[in-house]
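Spelled out, the chains give:
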Amino acid sequence: MTGYLRGQIAKMANVNIETLRYYENHGLIPAPIRSESGYRMYSEEVLSHLTFIKNAKACGFTLKEIKKALTKSSSSQISLADFLTVIDKKMDKIRSDMERQEQTLAMLASLKTNLQAEEKHPETQETLHILHMES
């Protein structure tokens with residue numbers, strides 16, 4: 001029987017054994033076959049799945065999204081065009097998140113400037129009063 005033991009495949013994929021167990025329990029990788037002595041034996045296909053999962057996570061996809069893609073691909077229900085659409089949506093969400101983060105950063109910079117000003121705006125003075133930080 002050919003295949004890899006749980007520790008071997010975890011090491012090859014550079015994942016924790018608990019991560020491997022989690023992926024198996026949640027349907028992200030197929031259940032392994034068992035050797036005659038009862039050991040789980042993982043295939044090269046599982047190694048490919050683990051690589052895909054790691055790459056997809058690095059691209060910002062959630063495990064739920066990854067599972068959906070793997071499930072659809074196993075039954076040939078996803079096309080390249082569908083996958084490209086998913087990527088475009090993920091990119092749009094990231095851009096939107098970045099815009100919100102930039103707005104937050106600008107608000108924090110303004111707050112810092114107002115807190116450091118010699119002549120503080122009345123709202124800034126009120127904030128300092130609420131926080132017991134009057135200077």
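*Asks:* For this particular structure, what's the right way to read the overall build of the chain?
*Replies:* Each helix and strand counted, the chain has 6 helices and 2 strands in total. Starting at the N terminus and ending at the C terminus, the chain contains elements arranged as α-α-β-β-α-α-α-α. Its C-alpha atoms give the chain a radius of gyration of 25 Å, clearly above 14 Å, the size a compact globule of 135 residues would have. Dimensions of the chain along its principal axes, counting C-alpha atoms only, are 80 × 35 × 20 Å. Across the chain, every contact between residues at least 6 apart in sequence was considered, and the portion connecting residues at least 24 apart equals 50%. Summing over all exposed atoms, the chain offers an accessible surface of approximately 10,300 Å²; the carbon and sulfur share of this is 56%.

*Asks:* Would you mind going over the environment of threonine 19 with me for this structure?
*Replies:* Note on placement: threonine 19 falls in helix α2 (residues 17-25). Residues threonine 19 and glycine 7, spaced 12 residues apart in sequence, show a C-alpha to C-alpha distance of 11 Å.

Conventions and cut-offs
- Residues numbered from 1 in each chain as written.
- Predicted model: local features only at pLDDT ≥ 70, side-chain atom pairs only at ≥ 80, totals over all residues.
- Heavy atoms only, no water.
- Helix = DSSP H or I, 4+ residues; strand = E, 2+ residues; numbered from the N terminus.
- Rg over C-alpha atoms; globule rule 2.2 N^0.38 Å.
- Contact = heavy atoms within 4.5 Å.
- Areas by Shrake-Rupley, 256 points an atom, 1.4 Å probe, with all protein chains shown as cover.

Remember, this is a structural readout, not a statement about activity or role.
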